[in-house]
Amino acid sequence: MAISKHIEDFHGLPVFDFPGPEGGALPAPESVAWRVQVEYDGGSDFAAAWAAFLAAVEVERVRALVIGPWWEDEYELVEPVITALTGSAARLGGLRALFLGEVTFEECEISWLQLGDVTPLLESFPALEELVVRGASADYDGKGGLALRSLRHESLRALRFEAGGLPVAVVRAVGGSDFPALESLELWLGVDEYGGDAGVADLAPVLTGERLPALRRLGLENSALQDELAAAVAGSAVVRQLESVSLALGTLTDAGAEALLGLTHLRRLDLHHHYLTEGMQQRLRDTLGAAGVELDLSEQEEPDDDWRYVANGE
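Right, let's walk through the structure included here. (Residues numbered from 1 in each chain as written. Predicted model: local features only at pLDDT ≥ 70, side-chain atom pairs only at ≥ 80, totals over all residues. Heavy atoms only, no water.)

### Topic: the pattern of salt bridges
Under the definition given, this model contains 20 salt bridges. For Asp270, the salt bridge is made with Arg268, and the minimal N-O distance between the two is 3.6 Å. Arg268 sits in the partly exposed class, given a relative accessible area of 26%. Taken together, the shared-partner salt bridges in this structure form one network comprising Arg35, Glu102, Arg134, Arg160, Glu162, Glu186 and Arg217. (Salt bridge = Lys/Arg side-chain N within 4 Å of Asp/Glu carboxyl O. Buried < 20%, exposed > 50% of the residue type's maximum accessible area, 1.4 Å probe, protein only.)

If you want it as structure tokens, here you go:
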């Protein structure tokens with residue numbers, strides 16, 4: 001299930017592609033999530049696109065930004081984008097949400113997106129409430145891999161990393177960070193082939209919940225370790241404070257789902273894209289569904305398939 005569609009809304013706002021239709025009026029800065037990108041073969045670069053955005057929009061009032069493709073004809077490292085954003089932080093005082101790398105598979109496969117250190121984004125925007133980062137890979141020289149340093153951020157309420165393979169250093173940095181306001185955390189762990197080298201043990205600090213007192217939604221998704229993750233989440237300390245759990249997009253089987261049958265306190269359990277038998281799905285409905293838990297059991301894959309795959313790899 002490659003990412004084939006652009007998002008239509010972000011942070012509760014409709015997405016508007018800058019500069020919009022030729023000759024059309026621009027919306028009020030705070031009324032939309034602004035998508036800034038470089039058009040393929042458009043004879044420009046991100047610096048020019050960003051300068052045009054700063055000149056045309058009263059960015060002091062912008063609340064949400066979506067960054068699409070930042071290259072013209074060859075995949076490039078994202079550092080110039082991060083530099084442009086952090087360099088404009090003084091003007092972007094109203095920014096509350098940022099999506100870095102909102103790119104479909106037709107523009108670039110998720111495993112080819114070359115990200116860098118995103119820590120400066122959190123350091124430069126202390127009022128940021130939502131951060132989504134798509135991509136994690138390094139280039140052939142080992143440059144551009146996604147990185148994060150442990151930090152404290154007082155305002156962040158939602159954090160999501162989407163990757164075909166999330167580096168273990170990033171997982172550990174999340175676990176080592178203090179996010180007192182964080183309500184939603186989603187990690188697409190991915191697979192070894194694309195750099196997803198984190199194990200269940202690396203998630204131990206997250207699963208204690210000690211640094212995440214406000215956490216209510218946890219997603220550990222898109223992983224080949226879904227059975228082990230299910231058991232770890234079900235037996236964790238943090239699960240008692242959660243309202244929603246997602247183990248979607250991965251290779252969950254009946255063995256992992258068995259551990260989830262006791263989570264009757266949840267409001268929602270998302271398991272879509274799974275390898276569960278019909279019998280286990282019915283047990284989940286009879287046990288959790290009957291207790292009022294909203295279940296997503298869509299996108300059943302073949303339970304007997306010896307070759308199981310995550311939804312978003314390459």
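### Quick word on the environment of Val118
Structurally, Val118 is set in the loop between β5 (97–100) and α3 (119–124). Residue classification places Val118 among the buried positions, given a relative accessible area of 0%. On a C-alpha basis, the gap between Val118 and Val57 in space is 25 Å, while along the polypeptide they are 61 residues apart. Excluding residues within four positions of it along the chain, Val118 makes contact with Ile82, Leu100, Val133, Leu146, Ala147, Leu148 and Phe161. (Helix = DSSP H or I, 4+ residues; strand = E, 2+ residues; numbered from the N terminus. Contact = heavy atoms within 4.5 Å.)

### Things to note about the nonpolar core
Proteins that are soluble and globular tend to have nonpolar side chains buried together. Of all hydrophobic cores here, the largest spans 89 residues; its most connected members are Trp50, Phe53, Leu65, Phe161 and Leu185. If we ignore the near neighbours within four places in the chain, the residues touching Leu185 are Leu159, Val174, Val206, Leu212, Leu215, Arg217, Leu218 and Gly219. If you look at the next biggest cluster of nonpolar residues, it comprises eight residues, including Phe10, Leu13, Ala33 and Val132. (Core = buried A, V, L, I, M, F, W, Y, C linked by side-chain atoms within 4.5 Å.)

### What about helix α8 (residues 278–287)?
For α8, the set of buried residues is Met280, Gln281 and Leu284. Within α8, the buried residues cover an arc of 105 degrees as seen down the axis, which keeps them to one side. Its buried side turned inward, α8 meets α7 (254–258) and β12 (294–296). (Arc of directions from axis to C-beta.)

### A closer look at the packing of aromatic side chains
Inspection of the entire model under this criterion finds 10 aromatic pairs. Here the aromatic cluster, defined as three or more aromatic residues joined through ring pairs, consists of Phe16, Phe18, Trp34, Phe46, Trp50 and Phe53. (Phe/Tyr/Trp six-rings, centres within 6.5 Å; stacked < 30°, edge-to-face > 60°.)

### Some thoughts on the sheet that holds strand β2 (residues 13–17)
With respect to topology, 12 strands assemble into an open sheet ordered β1-β2-β3-β4-β5-β6-β7-β8-β9-β10-β11-β12, the strand pairing being mixed. Looking at which strands have only one partner, the edges of the open sheet turn out to be β1 (9–10) and β12. Lying on the sheet, helix α1 (residues 46–56) is in contact with β3 (33–36) and β4 (64–67); it crosses β3 at an angle near 145 degrees. (Pairing = 2+ DSSP bridges. Axes fitted to C-alpha atoms, helices over the stretch in contact; angles between N-to-C directions.)

### Things to note about the layout of surface pockets
Space inside the largest pocket adds up to approximately 330 Å³. Along its surface, the largest pocket is lined by 23 residues, and Tyr194, Val310, Asn312, Gly313 and Glu314 are the ones closest to its centre. Grouping the amino acids of the lining of the largest pocket by side-chain chemistry returns 15 nonpolar, three polar and five charged. (1 Å grid on protein atoms, 1.4 Å probe; cavity = no way out; pocket = protein on both sides within 12 Å on 5 of 7 lines; lining within 4 Å. Points joined across faces, edges and corners; volume = space filled by probe spheres on them. Nonpolar A, V, L, I, M, F, W, Y, C, P; charged D, E, K, R; others polar.)

### Brief notes about the pairing of strand β6 (residues 130–134)
Most of β6 is tucked away: five of the five residues are buried. Sheet analysis places β5 next to β6, joined by four bridges and oriented parallel. Note that in β6 the partner of Ala97 across the bridge is Glu130. Handedness of the crossover is the feature at issue here: the chain leaves β5, passes through α3, returns alongside β6, and the resulting connection is right-handed. Here five bridges tie β6 to strand β7 (residues 158–162), and the two strands are oriented parallel to one another. Looking across to β7, one finds that Arg134 is bridged to Glu162. (Right-handed = clockwise from strand over helix to strand, strands pointing away.)

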